[in-house]
Amino acid sequence: MSLLVVGLSHRSAPVSVLERASLAADTQAKLLQDTLAAEPATEAAVLATCNRIELYADVDKFHAGVAELSTLLAQHSGVGLEELTPYLYVHYEDRAVHHLFSVACGLDSMVVGEGQILGQIKDALARGQELHTAGRLLNDLFQQALRVGKRAHSETGIDRAGQSLVTFGLQQLAAGADPALWAGGRRALVIGAGSMSSLAAATLARTGVAEIVVANRTRARADRLVEILQQGDDTAVRARAVEMSAVGDELTRADIVVSCTGSTGLVLTADALADALGVTLDAAPEAPAVTAVAPAPDDVDQHAAWVENGSAASAAHAGPATPRRVTVPAQSTGPVRLALLDLAMPRDIDGAAHRIAGVRLVDIESLAEASADAPMAADVDRVRTIVSDEVAAFGAAQRAAHVAPTVVALRTMAADVVAGEIARLDGRLPDLDEKQRAEITQTVRRVVDKLLHAPTVRVKQLASEPGGAGYADALRELFDLDPQTVAAVSRADLNDPNRGRS
């Protein structure tokens, strides 16, 4: 296994960089195809969410793989390599597995413990399978990550350590009040009908809003979301769907707006919001900016390590990590007439909305800062233990799987030897009856099986231990096994239609 991940997230990069580096669906497909075409990579998968972009690959060379994956990320994101490099982190082999498992459990999320990431990991795996860029390693890795994430949520109280971005965002909009009391009886406008928007609509319905209006570019998806909301047994919310062209009119009636679309441009401009509220944007007082200190990237030290070992990046970034200062516009004062929650990346709502009197805006950036000092529950430590145990188990399974095709090839060779010797025996002793011939054949097979049993069982045990990958090579060398035969066994195993089903 030579698993490599290169990426950037809310922990390593400012929102402005994440916005510019966001990848549309077709761009992700092209990135995967180009990664597979690159010399160091044999498999690839991309995990792209509102606050992270990560490229996973099975590579045969570490430094060449880091350079190639970094270059490809820069090319497809449209952010220059020199600008992007300081925000990239790198994980390799077991550390890469540990990173993905932590992500799957919500430990690396903006709000610790949120479960939305599991659906996004599932989507990343499905995309890799559909494009045939995910092979044995990445299929096993992502399927195991999904199981680890589900285990963490079922066996611990990680859900209590944090909430979904939607719930946390509503708490921030409520500014300390009970979200149910704050939102009760209000009108909500949800822009978008994807997974995050659907989660937002369902959360708003449970919170007790009086009405939800769903606007989406594809009207059929908006209608479907409305239908789901109205079928809910635990809510009695009124819901209706509108065209995107009706958003301006709906803004005049809405109290809460949640937006999460895949648009690459603004969905709601500050001018449109000011018009909806009947105020003039230019006349709105601009509140002073507030400077906050955001957490330093966790992986700058690792990134510096590969910078020093031949990366094209500047060595100036190899120094110790320092806190990153983020300037956040303060909200306008006065009563809130329109509460805005922007969960999109790139952002859907103009950041200048904070200048409009009566508007309160919460977006990905402000959520990141609000959650930076959130208390960590004791269950987080239990999840970390689960992750560590699962990483060790995954590594052992991968090492054992690496030697399995060689063991199968060895047993195949032994079976061929037995068949050849029985054929020679038939030529020398043609008068043997069927019963005698069958007894001799069975005896020879038992001898071969007993001779191979102990070493093959032992080599699988040794191969599962750290540093045990070389036992497969030793077997091939000692028994002069044909590498093409071993490769054929590996391909047959990978193409097994029952492989990876859970």
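Residues numbered from 1 in each chain as written. Predicted model: local features only at pLDDT ≥ 70, side-chain atom pairs only at ≥ 80, totals over all residues. Heavy atoms only, no water.

Chemist: Any chance you could explain the packing of aromatic side chains here in plain terms?
Modeler: Any pair of aromatic rings gets described here by the distance separating the centres and the angle formed by the planes. Scanning the entire structure with this criterion turns up three aromatic pairs. Relative to Phe 394, the ring of Phe 101 has its centre 6.0 Å away and its plane inclined at 80°; by these criteria the two rings are edge-to-face. Taken together, the positions of Phe 101 in helix H5 (residues 94–104) and Phe 394 in helix H17 (residues 379–428) put the pair 293 residues apart, joining distant regions of the chain. Per residue, the accessibility class of Phe 101 equals that of Phe 394, and both read buried. (Phe/Tyr/Trp six-rings, centres within 6.5 Å; stacked < 30°, edge-to-face > 60°. Helix = DSSP H or I, 4+ residues; strand = E, 2+ residues; numbered from the N terminus. Buried < 20%, exposed > 50% of the residue type's maximum accessible area, 1.4 Å probe, protein only.)

Chemist: When you look at the confidence of the model for the protein chain in this model, what are you seeing that I'm missing?
Modeler: In low-pLDDT segments, the atomic positions of the prediction should not be examined closely. Confidence along the protein chain averages 81 in pLDDT terms, with 80% of residues attaining 70 or more. Predicted confidence is poor over residues 283–330, with pLDDT under 50, and the contacts of this stretch with residues over four places away or in other chains come to 78 contacts. Taken as a whole, residues 497–502 scores under 50 in pLDDT and shows six contacts with residues more than four places along the chain or in a different chain. (pLDDT = per-residue confidence, 0-100. Contact = heavy atoms within 4.5 Å.)

Chemist: How should I be thinking about the layout of surface pockets in this particular structure?
Modeler: Empty space among the atoms becomes visible once a probe the size of a water molecule is rolled across them. Estimates place the volume of the largest pocket at around 1,000 Å³. In this structure, the largest pocket is lined by 36 residues; those nearest its centre are Gln 28, Ala 48, Thr 261, Gly 262 and Met 345. Of all elements in the fold, only helix H2 (25–37), strand E2 (41–49), helix H6 (116–130) and helix H11 (195–207) reach the threshold of two or more residues within the lining of the largest pocket. When residues in the lining of the largest pocket are grouped by element, the largest group, five residues, is from H6. (1 Å grid on protein atoms, 1.4 Å probe; cavity = no way out; pocket = protein on both sides within 12 Å on 5 of 7 lines; lining within 4 Å. Points joined across faces, edges and corners; volume = space filled by probe spheres on them.)

Chemist: In this structure, what is going on with the nonpolar core? I would like to understand it.
Modeler: Side chains of a nonpolar character, in soluble globular proteins, are inclined to be buried together. Formed by 67 residues in total, the largest nonpolar core has its most connected members in Leu 8, Leu 165, Leu 204, Ile 212 and Leu 343. For this core, the element with the most residues is helix H9 (residues 165–174), which contributes six residues. One finds Leu 107, Leu 137, Phe 142 and Phe 394 within the second-largest nonpolar core, a separate group that totals 35 residues. (Core = buried A, V, L, I, M, F, W, Y, C linked by side-chain atoms within 4.5 Å.)

Chemist: What is the right way to read the sheet that holds strand E6 (residues 211–215) from this model?
Modeler: Spatial strand order, E7-E6-E5-E8-E11-E12: six strands in an open sheet with parallel pairing. Two strands lie at the open edges of the sheet, namely strand E7 (238–242) and strand E12 (359–363), each paired on one side alone. Neighbouring strand axes in the sheet, compared pairwise and without regard to direction, differ in orientation by 15° on average. With four bridges connecting them, strand E8 (residues 256–259) and strand E11 (residues 338–342) associate as parallel partners. Bridged to Ile 256 within E11 is Ala 339. Across the face of the sheet, H9 comes into contact with E11 and E12 while running at roughly 150° to E11. Where H11 meets the sheet, it contacts strand E5 (187–191), E6 and E8, and its direction lies at approximately 170° from that of E5. (Pairing = 2+ DSSP bridges. Axes fitted to C-alpha atoms, helices over the stretch in contact; angles between N-to-C directions.)

Chemist: Looking at this model, I keep getting lost on unusual backbone geometry. Mind explaining?
Modeler: With an omega dihedral of 5°, the bond running from Met 345 to Pro 346 counts as a cis peptide bond. Here Pro 346 lies in the loop between E11 and E12. If you check the backbone angles, Glu 93 has positive phi at about 50° while not being a glycine. The topology assignment puts Glu 93 in the loop between strand E4 (89–92) and H5. With a phi close to 60°, His 132 is a non-glycine residue in the positive phi region.

Chemist: Please clarify how the pattern of salt bridges should be interpreted in this entry.
Modeler: Where charged atoms from two side chains of opposite charge come close, those side chains can pair. On inspection of all chains with the given rule, the structure shows 23 salt bridges. Of the charged contacts, one joins Arg 224 and Glu 227 as a salt bridge, the two residues approaching to 3.4 Å between their closest N and O atoms. With a gap of three residues between them, Arg 224 and Glu 227 both fall in helix H12 (residues 219–231), about one helical turn apart. Since its relative accessible area comes to 44%, Arg 224 is described here as partly exposed. Salt bridges linked by common partners bring Arg 187, Glu 211, Arg 240, Glu 250 and Arg 253 together as one network. (Salt bridge = Lys/Arg side-chain N within 4 Å of Asp/Glu carboxyl O.)

Chemist: I tried to follow a nonpolar patch on the surface on my own but got confused; where do I start?
Modeler: There is a patch of nonpolar side chains on the surface, built from Met 413, Val 417, Leu 478 and Phe 479 and spanning about 380 Å² of accessible area. Along the chain, Phe 479 falls in the loop between helix H19 (470–478) and helix H20 (483–494). (Patch = residues over 30% accessible without salt bridge, like charges linked within 9 Å, V, L, I, M, F, W, Y side chains within 5 Å. Areas by Shrake-Rupley, 256 points an atom, 1.4 Å probe, with all protein chains shown as cover.)

Chemist: Just checking my understanding: could you explain the sheet that holds strand E1 (residues 3–9) for this structure?
Modeler: Backbone hydrogen bonds are what pair the strands of a sheet, in a parallel or an antiparallel way. Taking strand neighbours across the sheet as the criterion, the four strands line up as E2-E3-E1-E4 in an open arrangement whose pairing is antiparallel. At either end of the open sheet lies a strand with only one pairing partner, and these are E2 and E4. In this sheet, neighbouring strand axes are inclined to one another by 15° on average, regardless of whether the strands run parallel or antiparallel. Summarising the sheet, E1 and strand E3 (residues 52–59) pair through seven bridges and their orientation is antiparallel. Within E3, the position partnered with Ser 9 by the bridge is Arg 52. Sitting on the sheet, H2 touches E2 and E3, and the angle it makes with E2 is about 160°. Set on the sheet, helix H7 (residues 136–155) makes contact with E1, E2 and E3; between it and E2 the angle comes to about 30°.

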